[in-house]
Amino acid sequence: MRKSYRVKKEAEFQTVFTQGKSYANRQFVVYVLEKPNQEHFRVGLSVGKKIGNAVARNWVKRRIRQSLTELKPQLKQDCDFLVIARPTVSWMEMKELKGHLVHVLKIAQVLDEE
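Here goes a summary of the coordinates provided. (Residues numbered from 1 in each chain as written. Predicted model: local features only at pLDDT ≥ 70, side-chain atom pairs only at ≥ 80, totals over all residues. Heavy atoms only, no water.)

**Points about the pairing of strand β1 (residues 21-24)**
Successive side chains on a regular strand alternate, one facing one side of the sheet and the next facing the other.
Item 1. Two elements, β1 and strand β2 (residues 28-34), share 4 bridges in a ladder whose sense is antiparallel. The residue bridging Y23 from the neighbouring strand is V30, located in β2.
Item 2. Count of turn residues in the β1/β2 antiparallel hairpin: 3 residues. (Pairing = 2+ DSSP bridges. Helix = DSSP H or I, 4+ residues; strand = E, 2+ residues; numbered from the N terminus.)

Here it is, written out as structure tokens:
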């Protein structure tokens, strides 16, 4: 996913975290902040140390990014959102992880129902 699609700065991340609405399932928490005049969505990822060592955290981040890249055409374009992984995702295969991510994005109304 290109860098223009990422919430990169700490201040932007904190704004979405504090002002956005939160939605959750057992594997992910998603914070969504509406940005009506924005060109396209931006996403921030957080994978904490409870997931495991750096290799495990990077593994989870890559799979989340890949899932979001595959879902890109169906994602709502006028918002920023954060995806925070919970420790249970560390052992999941790609298909299962993507399924849980799709579930929470639908709850958050960031993903179109198709």
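**Quick notes on helix α2 (residues 54-71)**
Item 1. With 18 residues, α2 should cover 26 Å at 1.5 Å per step; its first-to-last C-alpha distance of 26 Å lies within 8% of that length.
Item 2. Buried positions along α2 lie against β2, β3 (42-47), β4 (79-85) and α3 (94-107). (Expected span 1.5 Å × (residues − 1). Contact = heavy atoms within 4.5 Å.)

**Concerning the nonpolar core**
Item 1. Formed by 27 residues in total, the largest nonpolar core has its most connected members in F28, I64, L75, F81 and L105.
Item 2. Elements represented by at least two residues in this core include exactly β2, β3, α2, β4 and α3.
Item 3. Discounting chain neighbours no more than four positions away, the residues touching L105 are V30, L68, L71, L75, F81, V110 and L111.
Item 4. Listed in part, the 8 residues of the second largest apolar core include V7, F13, V16 and Y31. (Core = buried A, V, L, I, M, F, W, Y, C linked by side-chain atoms within 4.5 Å. Buried < 20%, exposed > 50% of the residue type's maximum accessible area, 1.4 Å probe, protein only.)

**Remarks on the sheet that holds β2**
Item 1. Across the sheet, which stays open at both edges, the 4 strands sit in the order β1-β2-β4-β3 with mixed pairing between neighbours. Of all the strands in the sheet, just β1 and β3 have a single pairing partner and so form its edges. In this sheet, neighbouring strand axes are inclined to one another by 20 degrees on average, regardless of whether the strands run parallel or antiparallel.
Item 2. Looking at chain direction, β3 and β4 are connected through 6 bridges and run parallel. Within β4, the residue paired with R42 across the bridge is D80.
Item 3. This element, helix α1 (residues 10-19), spans β1, β2, β3 and β4 of the sheet and lies at about 85 degrees to β4.
Item 4. Against the sheet, α3 engages β1, β2 and β4, with an angle of about 40 degrees to β2. (Axes fitted to C-alpha atoms, helices over the stretch in contact; angles between N-to-C directions.)

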